[in-house]
Amino acid sequence: RPPVFLLLLIQMAANGQPEKQDGGEGEEPVLSLLDVLEEDDALEDKACAVLGACDAEKCSYPEGYVRRQALYACNTCTPNREDPAGICLACSYKCHEGHDLFELYTKRNFQCDCGNAKFKQLECKLFPEKENCNSLNKYNQNFFGVFCTCKRPYPDPEDEVQDEMIQCIVCEDWFHGRHLGAVPPEHMDFQEMICQICMDRCSFLWAYAAYIAIPPVTKITSAEMDPESKDIKVDDSLAEGILGEDGLNIKSGEQKEEITTPFIKEEINMPNGASTSAETNQKCADGEGSHLLKSEGSPQSVCKLKEMKVSPGSKANTATYWPSNWRSKLCSCDDCKKMYTQLEVLFLLDENDTVQAYENKGKTQQATESRDPLMTALSSMNRVQQVELICEYNDLKTELTDYLKRFAEEGKVVKTEDIKQFFEELRSRKRRRLDGMQYYCS
């Protein structure tokens, strides 16, 4: 990546240009350098979030079962649904370059399999001293390149519907939004999702969902009735198991394209033995319209889960969506911890287990490592070298500014070939100067 000062100079020139230009009929539109730089920055931020703090040079196997890391599955080395295996970021670069890889995003508590007994004809180039298998690793259908209840690849060349995929935090499979039983809320409104299958397996979560989960979006359609009627009805295919027995009736004056409905219609409070006064209540993390939740905690010996009364209508055949910090509201008494352990979901008590925490760690590391290379080089030089480098920098800045200024004044787009030409001419001039100096000294 070029030094920061060079990017700033290119941006200065690009700011004076139109954002995009059509190359004429039959030609693709040309992007300005500013567009390219902005897209590059966005891709870099996304990559840092996805890869977290993963090391691209060292195999993660010596770290043991890593709390969370970016993983890949190699269809070249384990084809035809053979024994599933996962490899770390560094091994995907060094040991499986050019292979057919499935990107799995992140998985928790996983140890790199690269080169172990699952790979019959491949030895890990980075850390070959591996055990035959990692007995604590967990695998699902994603390691064979299929996702969701529809068991399709991603991206799916046969799927014409544009649909975001969401990862379940329990089974860590990925699901199409339309296959989760109800339309998901806006992505920014929730932090984590638990699929229908995992909700049924961990049925205790329905009690919490009634109080703190974010309701899915329920679309409404015009009622098939007398045209003069102003009533509308809720689409039962999305609202089943979520609305109360009497359904929901909205007048046309209040009609919207989509509405949200709580899992339990009546307003209720989290039973934790705290006062019911209004001063002790606080809104859930999902914002306005949420159920009221007690702000005072109960003694550790009291199980909040046992005190909850779950409405028969609170269970729905849908996924559930959870706001930030919802894990902190789970009961952590000894009995509940035993239940979490038996269900293999003890990680729900760990807020550092979240993908958000993982992504923040990656972004923090990226910000630390993004120091200007020029300043890094200067700090390691003596004073004479520093002066020489600064002089070279000033010369380069002047020549590049003058070169790009012509494009800005004429409103032309700076292309890759133009930048290459600039540096080729710069090297040519420098080479002639060096040759002249050698001739003069001789």
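Think of each chain on its own: its residues are numbered from 1, step by step along the sequence as written. The model is predicted, so local features are restricted to residues of pLDDT at least 70 and side-chain atom pairs to those at 80 or more, both for listing and for counting; the totals for chains, interfaces and linings are taken over all residues. Based on all heavy atoms of the structure, the side-chain values leave hydrogens and waters out of the count.

As named in an unreviewed UniProt entry, the chain is Putative E3 ubiquitin-protein ligase UBR7, taken from Xenopus laevis. For the chain, the Pathway (unreviewed entry) comment in UniProt is given as "Protein modification; protein ubiquitination." UniProt positions are given in the numbering used here, feature names are shortened, and annotations may be inferred rather than shown by experiment. According to UniProt, the comment filed for the chain under the heading Catalytic activity (unreviewed entry) is "S-ubiquitinyl-[E2 ubiquitin-conjugating enzyme]-L-cysteine + [acceptor protein]-L-lysine = [E2 ubiquitin-conjugating enzyme]-L-cysteine + N(6)-ubiquitinyl-[acceptor protein]-L-lysine."

Right, let's get into the overall build of the chain. Here a helix means four or more residues in a row that DSSP labels H or I, a strand means two or more in a row labelled E, and each is numbered from the N terminus. Helix and strand counts for the chain stand at 12 helices and 14 strands. For the chain, the proportion of its 442 residues judged to be buried stands at 41%. Restricting to contacts in the chain with at least 6 residues of sequence separation, those with at least 24 account for 67%. Total accessible area on the chain stands at roughly 26200 Å², and carbon and sulfur atoms take up 49% of it. Think of it in three bands: with a 1.4 Å probe and only protein chains considered, a residue is buried below 20% of the maximum accessible area for its type, exposed above 50%, and partly exposed in between. The contact rule is simple, with two residues in contact once any of their heavy atoms fall within 4.5 Å. For the area figures, the Shrake-Rupley method with a 1.4 Å probe applies, and any residue is considered shielded solely by the protein chains shown.

Bringing the packing of aromatic side chains into the picture now. Stacked, edge-to-face and tilted labels apply to pairs of Phe, Tyr and Trp rings (six-membered ring for Trp) whose centres lie within 6.5 Å, assigned for plane angles under 30 degrees, over 60, and everything in between, in that order. All chains considered together, the criterion is met by 12 aromatic pairs. A connected cluster of aromatic rings, assembled from ring pairs, spans Y403, F407, F422 and F423. Seen from the ring of F347, R108 lies directly overhead, with NZ or CZ sitting 3.6 Å from the centre. Two limits define a charge over a ring: the Lys NZ or Arg CZ must be within 6 Å of the ring centre, and within 35 degrees of the ring normal. Just above the ring of Y139 sits the side chain of K118; from NZ or CZ to the centre is 4.7 Å.

The next thing to look at is the environment of Y208. Structurally, Y208 can be placed in helix α5 (residues 205-212). Spatially, the C-alpha atoms of Y208 and M308 are 8.4 Å apart, while their sequence positions differ by 100 residues.

It is worth spelling out the side chain of E192 at this point. Summarising the element assignment, E192 is placed in strand β7 (residues 192-194). Residue contacts for E192: discarding those within four places in its chain leaves I169, T320, Y321, W322, W326, R327 and T354.

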